[in-house]
Amino acid sequence: MNGKKMETSRKYSSDVAFTPTIKAVQTRKGSRNAYHHVEERGSWQTRITPDLAAFIGAQTSIFLATVNAEGQPYIQHRGGPPGFLRILDDRTIGFVDYSGNRQYVTQGNLADNPKAHLFLIDYAHQRRIKIWGDARVIEGDEQLIEKLMPDGYKVRPEQVILFTVSAWDENCSQHIPLRFEAADVASALTERDKRIKTLEAEIKQLREETRGASP
């Protein structure tokens, strides 16, 4: 009931995060005017744009936050190959929930409170995106699992989580450490080694040609 009252009282999409209490803190610390200007310009986006879809589709590691009936938050990591997060429409993200330690904390939390949050971070490009919304667990839908299951990924699917976007925002890149995926580093090193071999072959050929041209 409280969640519904809060939703109907929202004036801006960013109100999903900026409650009256938070706005009061922003006012006291001097940042409210800047965020109010953002609100006046349209606030945060509420639909999945092509740019956001591309960012989501490239992710291999995400964090999903939920909260139980007592207000205790919980953050769970989810990972998979690029594309394991699927865009179903301009407000819906879906992914297969693989069999794991069988604690079912996220599923239990969502049964009590559908409010959820996705935190996506790309260390290599120092970019992070926060997505607010509602999530639900879909059990026993084999067709949906087959549709969302990454090709060739050798894990046991258990169910599906569907996330409905309410609003999203992109954080600044400040303080994001520069890190790279091991596979990307390995690929770059392979290309470097190929280039070194090519250059060595060219140098060898030039030396031989130089010797041949000597009187």
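Structure first, text after, so check above.
Draft legend 1. Local environment of the nonpolar core. L85, I93, I131 and F163 are the most contacted members of the largest nonpolar core, which totals 29 residues. Contributing elements (two or more residues each) for this core: α4 (50–57), β1 (61–67), β4 (92–98), β5 (115–122), β6 (127–138), α6 (142–148) and β7 (157–171). Counting residues per element, this core draws most heavily on β7, which supplies six residues. A17, F18, W132 and A167 belong to the second-largest nonpolar core, a separate cluster that totals six residues.

Draft legend 2. Region of interest: the pairing of β4. Summarising burial for β4: seven of the seven residues are buried, a large majority. As defined by bridge partners, strand β3 (residues 86–89) adjoins β4 across three bridges and the pair is classed as antiparallel. The residue bridging D89 from the neighbouring strand is T92, located in β4. Hairpin geometry of β3 and β4 is characterised by an intervening segment of two residues between the two adjacent antiparallel strands. The pairing of β4 with β7 spans seven bridges and is classified as antiparallel. Residue pairing across strands places I93 opposite F163, the latter belonging to β7.

Draft legend 3. Structural view of the packing of helix α2 (residues 20–29) against helix α3 (residues 32–40). Packing of α2 against α3 leaves a shortest axis separation of 7 Å and a crossing angle of 125°. As far as their axial angle goes, α3 and α2 are oblique. Listed contacts from α3 to K23, Q26 and T27 of α2 are R32, Y35 and E39.

Draft legend 4. The packing of aromatic side chains, seen in detail. Across all of its chains, the model carries five aromatic pairs by this definition. Arranged with centres 4.8 Å apart and planes meeting at 20°, the rings of W44 and W132 form a pair that is stacked. Of the two residues, W44 sits in the loop between α3 and α4 while W132 sits in strand β6, which places them 88 residues apart along the sequence. For the residue pair W44 and W132, the accessibility class agrees, reading buried in each case. Linked through ring pairs, F18, Y35, W44 and W132 together constitute an aromatic cluster.

Draft legend 5. Just the pattern of salt bridges, in detail. One pass over the structure, following the stated rule, counts eleven salt bridges. Of the charged contacts, one joins R78 and D97 as a salt bridge, the two residues approaching to 2.7 Å between their closest N and O atoms. Here D97 lies in strand β4 and R78 lies in strand β2 (residues 73–79), a separation of 19 residues in the sequence. Each of D15, K23, R32 and E39 takes part in salt bridges that share partners, so that together they form one network.

Draft legend 6. Local environment of the side chain of D15. Along the polypeptide, D15 turns up in the loop between α1 (2–8) and α2. Using a relative accessible area of 9% as the deciding quantity, one classes D15 as buried. A distance of 3.0 Å separates a polar atom in the side chain of D15 from the backbone nitrogen of K11. Those residues within four positions of D15 in sequence are excluded, and the remaining contacts are R10, K23 and E39.

Draft legend 7. Up close: the sheet that holds β4. Judged by pairing direction, the sheet is antiparallel, and its seven strands sit side by side in the order β2-β1-β5-β6-β7-β4-β3 without closing on themselves. Of all the strands in the sheet, the pair left with one neighbour each is β2 and β3. Averaged over neighbouring strand pairs, the angle between their axes works out to 35° when direction is ignored. As paired elements, β1 and β5 share four bridges and run antiparallel to each other.

Here is what the cut-offs are and how they apply
Residues numbered from 1 in each chain as written. Predicted model: local features only at pLDDT ≥ 70, side-chain atom pairs only at ≥ 80, totals over all residues. Heavy atoms only, no water. Core = buried A, V, L, I, M, F, W, Y, C linked by side-chain atoms within 4.5 Å. Buried < 20%, exposed > 50% of the residue type's maximum accessible area, 1.4 Å probe, protein only. Helix = DSSP H or I, 4+ residues; strand = E, 2+ residues; numbered from the N terminus. Pairing = 2+ DSSP bridges. Axes fitted to C-alpha atoms, helices over the stretch in contact; angles between N-to-C directions. Parallel < 35°, antiparallel > 145°, perpendicular 65-115°, else oblique. Contact = heavy atoms within 4.5 Å. Phe/Tyr/Trp six-rings, centres within 6.5 Å; stacked < 30°, edge-to-face > 60°. Salt bridge = Lys/Arg side-chain N within 4 Å of Asp/Glu carboxyl O. Polar contact = N/O pair within 3.5 Å; in protein donor to acceptor, adjacent residues only side chain to side chain.

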